[in-house]
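Below are the chains, spelled out letter by letter.
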Amino acid sequence: QVQLVESGGGLVQAGGSLRLSCVASGRTFSSDAMGWFRQAPGKEREFVAAISWSGIIKLYADSVKGRFTISRDNAKNTVTLQMNSLKPEDTAVYYCARRMGGRSYYTEVDYDYWGQGTQVTVSS
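Here we take up the overall build of the protein chain. Within the protein chain one finds 0 helices and 11 strands. The secondary structure elements of the protein chain, listed N-terminal to C-terminal, are β-β-β-β-β-β-β-β-β-β-β. The C-alpha atoms of the protein chain give a radius of gyration of 13 Å, which matches the 14 Å a tight globule of 124 residues would have. When its C-alpha atoms are laid out on the principal axes, the protein chain stretches across 40 × 25 × 25 Å. Expressed as a percentage of its 124 residues, the buried residues of the protein chain come to 45%. Here the protein chain displays about 6,200 Å² of accessible surface, and carbon together with sulfur accounts for 50% of that area. If the 14 positive side-chain charges of the protein chain are averaged to one point and the 11 negative ones to another, these points end up 5 Å apart.

If you want it as structure tokens, here you go:
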């Protein structure tokens, strides 16, 4: 069993920054690839970013590339999403999730454990 807890969401003005964290517990974290997804009101959940277990592979949605950075600290069982130059369209609930081994990084059906989500609101 894996428990994921996100934090760091909030209200920020356009152009501002937020840093989301996801702490994992319950089993070995360092061997798992992790991802961030988001869901805006009335929209489907979408891929944001993912990182391999080693941190070598980092993938981003085109909409956040160059603005968001994913990282991880396996010693602290934490994956982080640094979000800069935020836009109103980034407003959503952000979720971290654990990818099932060998599966795609990009689709939510390939992730089996999810956090409860943290709200990010960007005002114009």
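A word on the packing of aromatic side chains. In the structure shown here, the tally under the stated rule is 6 aromatic pairs. An aromatic cluster is built from F37, F47, Y95, Y106, Y111 and W114, whose rings are joined through pairwise contacts. Directly above the aromatic system of W114 lies the positively charged group of R45, at a separation of 3.9 Å from the ring centroid. When the ring centre of Y105 is taken as reference, the NZ or CZ atom of R99 above it lies at 4.2 Å.

Our next topic: the nonpolar core. The nonpolar side chains of a soluble globular protein tend to be buried with one another. Among the nonpolar cores identified, the biggest contains 36 residues, and W36, L81, M83 and Y94 are the most heavily contacted of them. Looking at this core, the elements that each hand over two or more residues are β3 (18-25), β4 (34-39), β5 (46-51), β6 (58-60), β7 (68-73), β8 (78-83), β9 (92-99) and β11 (118-123). The greatest single-element share of this core, amounting to 5 residues, is contributed by β5. Leaving out residues up to four positions away in the same chain, Y94 has contacts with E6, L20, W36, F37, R38, V48, F68, L81, M83, G117, T118 and V120.

The rules we used
Residues numbered from 1 in each chain as written. Predicted model: local features only at pLDDT ≥ 70, side-chain atom pairs only at ≥ 80, totals over all residues. Heavy atoms only, no water. Helix = DSSP H or I, 4+ residues; strand = E, 2+ residues; numbered from the N terminus. Rg over C-alpha atoms; globule rule 2.2 N^0.38 Å. Buried < 20%, exposed > 50% of the residue type's maximum accessible area, 1.4 Å probe, protein only. Areas by Shrake-Rupley, 256 points an atom, 1.4 Å probe, with all protein chains shown as cover. Lys, Arg positive; Asp, Glu negative; His and termini not counted. Charge placed at Lys NZ, Arg CZ, Asp CG, Glu CD. Phe/Tyr/Trp six-rings, centres within 6.5 Å; stacked < 30°, edge-to-face > 60°. Lys NZ or Arg CZ within 6 Å of the ring centre and 35° of its normal. Core = buried A, V, L, I, M, F, W, Y, C linked by side-chain atoms within 4.5 Å. Contact = heavy atoms within 4.5 Å.

Interpretation note: all reported values are geometric properties and have no functional meaning in isolation.
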